[in-house]
Amino acid sequence: MVNDRQIRLLPDQIINKIAAGEVVDRPASVVKELMENALDAGATSIEVAVVDGGVKLIAITDDGAGMDRDNALMAIERHATSKIRHVDDIERVETLGFRGEALAAIASVSRFTLTTRTADSLTGTSIRINGGRMEDVSEAGCPPGTRMEVRQLFFNVPARRKFLRTAATELNHIRQVFLLYAMGRPDIALRLVVDEKEIYRLDGDSQLEDRIRQLFGAGVMDDLRLVDWTDGQWGIRGLASGPNLTRADRSEQYLFINGRPASAPVLGYAINEAYSALLPRGRYPVLMLFLDLPPEEVDVNVHPTKKEVRFRRSGQVRDALLAALRQATLASQSQNFDEQNKKVSAAKVTGEFLAVPDLPALPAFAYPRNPGTGEQRGADALDRYHAAVAAGTGNEAEPAKTPESDWRQSPWQWCRILGQIAGYFVVLETDEGMIMLDPQSAHERVLYDRMMQAIATRKIKPQGLLTPETVNLPPAKAGYIRKHLKTLGELGFGLSEFGGETFIVDALPGLLGEVSAAEILDDLATDLEDAGKSVSSETVLRQHIAQVATRVAVRTTKKLSREELEKLISDLAMTELPYTSPRGRPTIIFTSLQELKKKFGRG
Ligand code: ADP
Ligand code: MG
């Protein structure tokens with residue numbers, strides 16, 4: 001090392017390597033910079049291919065404007081950019097890049113090839129750079145557009161290489177970057193190829209809604225509300241989840257500021273505030289939000305990777321975001337409940353409630369149906385009861401009982417639905433009095449019992465998913481899932497490791513219905529973490545899995561038809577523990593006729 005204290009200007013090659021430390025810290029940041037360049041070049045189609053978590057190869061091919069030979073040579077110089085010219089331009093950047101650092105930095109820490117051609121030239125140019133040293137410039141036959149290949153990233157920066165995680169983890173980060181731009185630009189066709197396998201192929205010319213469906217499955221859209229707010233100058237649009245789609249952390253909140261994936265602390269606060277009354281503690285909404293402000297309102301030049309921005313007027317930004325989210329989530333509440341009772345429901349009920357919208361039509365229904373003799377034993381009982389009441393025989397509290405058969409174990413012989421309270425709690429009349437029922441807890445009990453029974457009799461049937469779901473978990477959570485892969489497999493989860501913290505789910509236990517694998521795995525990992533050592537045996541583990549899976553499935557169910565509600569009540573009656581949910585919450589509150597009589601002073 002030189003230590004004669006003489007001050008020297010550093011050679012470019014070293015400067016670039018130092019800069020590389022800021023701009024490219026892992027393969028995913030190379031993918032980010034190169035995807036941004038392709039988008040800035042006006043590409044309509046981009047392919048991202050990586051090998052070995054991007055460490056061996058990252059190749060990005062676009063059909064954008066391309067470069068002629070001179071420009072291609074300039075592009076790899078530090079501070080070479082076509083995107084700004086004057087100081088003032090920094091105040092109003094509309095491209096994703098502008099610092100002119102990325103290509104120089106990437107080329108200095110990898111074996112880099114750039115092949116490019118403009119549409120109006122017959123041949124293209126290929127440039128090969130090895131650890132910042134130019135090795136070859138030649139003519140090349142290639143289609144219009146640009147292909148950048150980055151091989152052996154950090155081969156000459158051992159310190160960096162040491163910080164790389166497993167290929168699977170790096171791949172996860174790459175996938176996140178890819179998803180981000182895929183959401184940001186539904187108009188662009190995108191492909192992600194990992195180790196020569198195509199992971200995503202997304203059509204161009206799409207709307208955000210289509211893209212979200214393609215990426216996350218159709219079901220997700222049901223729980224996302226349109227955000228569409230403007231005050232004439234500023235605009236906030238996108239999608240925001242209501243109370244039925246939540247996550248245990250913020251990892252699925254995607255924010256774009258003037259088309260650039262970025263965030264700022266003030267946005268996080270505003271989101272918290274908007275959802276504070278809507279979601280239980282520790283649950284976070286899923287968001288894809290696009291904020292569009294005049295460029296001079298935003299300072300993007302705060303950080304080399306431009307991930308964080310600063311707002312000139314952050315108070316106004318907060319108010320705007322709050323207004324936009326309130327508008328969207330208020331709409332989501334009323335959409336969840338009966339159209340006719342919209343006002344009542346929206347005013348009284350918030351949180352994760354299961355609505356039963358078409359209730360007010362209330363013919364008495366015989367209950368429960370006896371599978372043994374005749375059509376409806378319950379109906380007879382009901383008739384006899386009414387007859388008894390009408391005849392004033394005085395034993396109305398005890399309608400005819402039939403001694404035999406299993407349905408007699410149910411807490412009531414017959415019942416009918418009287419209505420709803422707050423558009424939610426269901427009021428029932430039974431042979432012995434009045435019942436108030438929480439449909440959600442009841443549903444949890446029924447589904448849980450069914451799942452435990454299927455487990456006990458080894459009749460769990462996996463239901464294949466049309467499009468396998470890729471689930472990405474934080475490392476600690478992934479660990480809990482990985483540990484129990486075998487048991488999950490036995491319980492009908494078609495789960496395979498995609499590497500690192502990513503799992504591919506291609507089947508779920510059939511009786512759960514349509515439910516998000518991501519939510520189940522996330523909740524399950526959290527549950528297992530909380531449960532810790534108390535998960536002492538395979539049986540207890542299974543109970544945990546069944547409980548979480550059914551809880552999520554029920555949370556996903558938003559509406560029951562009246563017939564489904566009747567079926568739910570009759571199924572609940574057949575469970576072994578109809579009075580509480582697997583979480584220990586009451587499913588029904590019963591007030592006997594005796595009690596009612598007493599209260600009315602007639603007892
Ligand atoms: P910046 O994007 O900040 O301008 P880069 O180092 O990423 O800096 O790129 C330098 C220049 O190279 C860009 O300004 C652009 O003119 C050109 N360039 C980079 N990638 C592409 C591409 N995929 N297609 C066409 N031109 C490109
Ligand atoms: Mg760039």
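Residues numbered from 1 in each chain as written. Chains lettered and ligands numbered in written order. Predicted model: local features only at pLDDT ≥ 70, side-chain atom pairs only at ≥ 80, totals over all residues. Heavy atoms only, no water.

So, the packing of helix α16 (residues 517-531) against helix α17 (residues 538-556)
Contact pair α16 / α17: the axes reach a minimum separation of 9 Å and the direction vectors enclose 140°. By the angle between their axes, α16 is oblique relative to α17. In this structure, the crossing between α16 and α17 has a hand that is right-handed. Facing Glu-519, Ile-520, Asp-523, Leu-524, Asp-527, Leu-528 and Ala-531 of α16, the residues of α17 in contact are Leu-541, His-544, Ile-545, Val-548, Ala-549, Arg-551, Val-552 and Arg-555. Looking at the contact of α16 with α17 residue by residue, the class counts come to nine nonpolar, one polar and five charged. (Axes fitted to C-alpha atoms, helices over the stretch in contact; angles between N-to-C directions. Helix = DSSP H or I, 4+ residues; strand = E, 2+ residues; numbered from the N terminus. Parallel < 35°, antiparallel > 145°, perpendicular 65-115°, else oblique. Left-handed = near helix turned anticlockwise from the far one by under 90°. Contact = heavy atoms within 4.5 Å. Nonpolar A, V, L, I, M, F, W, Y, C, P; charged D, E, K, R; others polar.)

Observations regarding the confidence of the model for the chain
Residue-level pLDDT values for the chain average 82, and 86% of them are 70 or greater. Between residues 332-352, whose pLDDT stays under 50, and residues either more than four places distant or in other chains, the model counts 31 contacts. This stretch, residues 361-408, has a pLDDT under 50; its non-local contacts, to residues over four places away or in other chains, come to 77 contacts. (pLDDT = per-residue confidence, 0-100.)

Concerning the pattern of salt bridges
Evaluated as defined, the whole model comprises 33 salt bridges. In this structure, the salt-bridge partner of Arg-318 is Glu-273, at a minimum N-O distance of 2.9 Å. Placement of Arg-318 in helix α10 (residues 314-336) and of Glu-273 in helix α9 (residues 265-275) is noted, with a sequence separation of 45 residues between them. Take Arg-318: its relative accessible area is 29%, and that puts it in the partly exposed class. Salt-bridge contacts for Arg-313 lead to Glu-297; the nearest nitrogen and oxygen are separated by 2.7 Å. Pair noted here: Arg-313 is in the loop between β17 (310-311) and α10 and Glu-297 is in the loop between β15 (287-292) and β16 (298-299), with a separation of 16 residues, a long-range link. (Salt bridge = Lys/Arg side-chain N within 4 Å of Asp/Glu carboxyl O. Buried < 20%, exposed > 50% of the residue type's maximum accessible area, 1.4 Å probe, protein only.)

Structural notes on the pairing of strand β2 (residues 57-62)
Every regular strand shows the same layout, with side chains that alternate between the two sheet faces. In terms of burial, β2 is a largely internal element, five of the six residues being buried. When strand β1 (residues 45-51) meets β2, the two strands line up antiparallel, connected through six bridges. Within β2, the position partnered with Glu-47 by the bridge is Thr-61. Where β1 folds back onto β2 in an antiparallel hairpin, the turn is made up of five residues, including Asp-52, whose phi is positive at roughly 60°. Across six bridges, β2 lies against strand β6 (residues 145-151) in antiparallel orientation. Residue pairing for β6: Leu-57 is matched across the bridge by Arg-151. (Pairing = 2+ DSSP bridges.)

Considering the environment of Ser-251
With respect to the element layout, Ser-251 can be found in the loop between β11 (246-247) and β12 (253-257). Placed 33 residues apart in sequence, Ser-251 and Tyr-284 show a C-alpha to C-alpha distance of 8.9 Å. At a separation of 2.6 Å, a polar atom in the side chain of Ser-251 contacts the side chain of Asp-249. (Polar contact = N/O pair within 3.5 Å; in protein donor to acceptor, adjacent residues only side chain to side chain.)

Observations regarding the site of ligand 1
Taken together, 20 residues lie near ligand 1, and Asn-37, Thr-81, Ser-82, Lys-83 and Gly-100 sit nearest. In this structure, Thr-146 approaches ligand 1 through a side-chain N or O atom, which is 3.2 Å from a nitrogen atom. Its free accessible area being 520 Å², ligand 1 has 92% of it covered by the protein chains. Its residues placed into classes, the shell around ligand 1 shows nine nonpolar, seven polar and four charged. (Near = heavy atom within 4 Å. Areas by Shrake-Rupley, 256 points an atom, 1.4 Å probe, with all protein chains shown as cover.)

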